[in-house]
Amino acid sequence: MIGIAVTVALPLPLVAEGEMARISGGTLTPFFQDLDREEKRIQTVEVGDFYLDITPVTQRDFAAFVRGNEKWQRGKIMRLFADEGYLRNWPDGVTPKLEEEESPVTNVSWFAAKAYCEKRGKRLPTIHEWEYAARADEKNHNASRDPTFQKRILNWYGKPTPATLPKVGSTYKNAFGVYDMHGLVWEWTLDFNSVLLTGESRTDKGLERELFCAGGSVGVADVGDYASFMRYAFRASLQADYAVGNLGFRCAKDQEGDHEKK
Amino acid sequence: MKKNRIFSAGILCLAVISCHRFSCHPNEAAPPSGLSLYQMESVWRDAQNREIRFDALKGKVEVVAMVYTSCEYACPRIVGDMKRIESSLTPAQLEKTGFVLISIDPKRDIPKKLKTFSEKESLNPDRWNLLTGSESDVREMAALLGVRYKEIEEGFFSHSNLITILNRKGEILHQQKGLGTDPDESLGAISRALKD
């Protein structure tokens, strides 16, 4: 008789998921600037107050959603709403791997992410909201001009996606009380398809004006902000039905009493 | 499944009773396929200020684009490209083909504005549907069609130049990119769609 000792590492959450932080709004300098405008000054937008999930949505939470909402299950979901990669990393399609229950859910389409948030009485954050929350480091609400922070972000982006995704909350907590805005997964936004960039092929002539009707001249706020280039380029490459291995999401909510936003 | 069949039978009866210009084909009462945009249950308003469900367009081939009425450069050319498709179809094909313009500026493109635009462009209301809806439905429609758009300034948008051909089941058959593109491939797609 051989006794077998089995050690099971129970996936314990690092932080309370589903919890939201109240983000006090302010002025954001959007990465893309319309250069044709009369005024020469840098354009800014006002981001209103909103709530943001403090972590990306976990695989465990998404599994609960999928269990209760059949049409979002792998195998039952309409091809219109997700491509063949949907939840490909769940061995049986309904349960995450034990060691990834507290990791961010990935391989979910924009439609699925949106549906999850809506079911929770929330929504996806807009790009402006996401960027506003993401420019904070541990101490400052706006660390966008801090070269050290920029370097850290680029280092994170440079690392390959690990075979097992780390748990949510395992990177850093920023000044808004929000975790993992950089360094864990890319995240869906409500208006990801508001990013229009030129084509990628070498045969494209310049701005490919015929593909997009644009202002004519679009520039960026900070040509040194390579990390933002990468994020926006990634958004521009997405279609709403894509399921991508390092693309997850978190939800946002309007301030109590606000009208329904875009 | 059984529930679906009873539901479909009910729709079939309704279709026979109230056959209107959008869908007069009883055999189209089957539940939409996995790729059909008619799974969208969104409700829109047209140029006559009528409420219309997107899936009411089922049954005809639809030539769809997302534009806005105060657009001065590309949108008139997109409409021009759609008219070019329209004028290249045979009368028999025309009977089974519709043209849809969905506004990316629903705040300003209220039904009255759509009506004015339709008249200015001489769009045949029997064949052309101009739709305005909620901002979130517009964002979702764009996501389904692969259209990208952004409000640069108040009432001024940057957007993809894209014409989509939906087959009678509402599945994307073909997309015509750019402005002034030769309509041959679109016409071929429409022809194939109408043979089914």
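Here is what the cut-offs are and how they apply
Residues numbered from 1 in each chain as written. Chains lettered and ligands numbered in written order. Predicted model: local features only at pLDDT ≥ 70, side-chain atom pairs only at ≥ 80, totals over all residues. Heavy atoms only, no water. Pairing = 2+ DSSP bridges. Helix = DSSP H or I, 4+ residues; strand = E, 2+ residues; numbered from the N terminus. Axes fitted to C-alpha atoms, helices over the stretch in contact; angles between N-to-C directions. Contact = heavy atoms within 4.5 Å. Parallel < 35°, antiparallel > 145°, perpendicular 65-115°, else oblique. Nonpolar A, V, L, I, M, F, W, Y, C, P; charged D, E, K, R; others polar. Salt bridge = Lys/Arg side-chain N within 4 Å of Asp/Glu carboxyl O. Buried < 20%, exposed > 50% of the residue type's maximum accessible area, 1.4 Å probe, protein only. Polar contact = N/O pair within 3.5 Å; in protein donor to acceptor, adjacent residues only side chain to side chain.

Attention shifts here to the sheet that holds strand E1 (residues 20–23) of chain A. Residue and element names in this part refer to chain A. In space, the 3 strands of this open sheet follow the order E1-E5-E10, with antiparallel pairing throughout. Two strands lie at the open edges of the sheet, namely E1 and strand E10 (252–254), each paired on one side alone. Within this sheet the neighbouring strands show an average axis-to-axis angle of 25°, counted without direction. In terms of strand pairing, strand E5 (residues 50–53) meets E10 through 3 bridges, oriented antiparallel. Opposite phenylalanine 50, over in E10, you have aspartate 254 as the bridge partner. Sheet strands in contact with helix H3 (residues 127–134) are E1, E5 and E10, and its direction is about 70° off that of E5.

Turning to the packing of helix H1 (residues 59–68) of chain A against helix H2 (residues 110–119) of chain A, a few remarks are in order. Residues and elements named next belong to chain A. Their axes nearest at 11 Å, the elements H1 and H2 cross at an angle of 85°. Between H1 and H2, the interaxial angle falls into the category roughly perpendicular. Contacts between H1 and H2 involve Asp61, Phe62 and Phe65 from the first element and Ala112, Ala115, Tyr116 and Lys119 from the second. When the residues that make up the contact of H1 with H2 are grouped by side-chain class, the tally is 5 nonpolar, no polar and 2 charged.

With that settled, the discussion passes to the sheet that holds strand E5 (residues 128–132) of chain B. Residues and elements named next belong to chain B. Sheet architecture is open: 7 strands sit in the order E2-E1-E5-E4-E3-E8-E9, paired in mixed fashion. The open sheet has two edge strands with one neighbour each: strand E2 (51–53) and strand E9 (172–177). Direction aside, the axes of adjacent strands within the sheet are offset by 30° on average. Sheet topology places strand E3 (residues 61–67) next to strand E4 (residues 97–103); 7 bridges connect them, and they run parallel. Bridge pairing in E4 places valine 63 opposite phenylalanine 99. The sheet strands contacting helix H2 (residues 74–88) are E3, E4, E5, strand E8 (162–166) and E9, and the helix crosses E3 at an angle near 170°. Relative to E3, helix H5 (residues 135–145) is tilted by about 120°, and along the sheet it contacts strand E1 (43–46), E3, E4, E8 and E9.

A word on the pattern of salt bridges. Oppositely charged side chains can pair when the atoms bearing their charge come close. As enumerated under the stated definition, the model contains 23 salt bridges over all chains in all. The salt bridge partner of glutamate 102 of chain A is arginine 60 of chain A, with a shortest N-O separation of 2.2 Å. You can see glutamate 102 of chain A sitting in the loop between H1 and H2 and its partner arginine 60 of chain A sitting in helix H1, a full 42 residues away along the chain. Residue classification places arginine 60 of chain A among the partly exposed residues on the basis of a relative accessible area of 36%. Via salt bridges that share partners, Asp105, Arg108, Glu151 and Glu154 of chain B belong to a single interconnected network.

We now examine the packing of H2 of chain A against H5 of chain B. Two numbers describe how H2 of chain A lies on H5 of chain B: the axes approach to 11 Å, and their chain directions differ by 155°. Relative to H5 of chain B, the element H2 of chain A is oriented roughly antiparallel. Contact with H2 of chain A, carried on its side by Trp110, Phe111 and Lys114 of chain A, involves Arg139, Glu140, Ala143 and Leu144 of chain B of H5 of chain B and no other residues of that element.

Our next topic: the environment of glutamate 86 of chain B. Residue and element names in this part refer to chain B. Turning to its location among the elements, glutamate 86 is positioned in helix H2. Accessibility expressed as a relative area gives 13% for glutamate 86, which makes it buried. Between the C-alpha atoms of glutamate 86 and alanine 142, which are 56 residues apart in sequence, the distance is 23 Å. Reaching out from glutamate 86, the side chain makes a polar contact with the side chain of arginine 127 at a distance of 2.8 Å.

Purely geometric stuff here, so don't read any function into it on its own.
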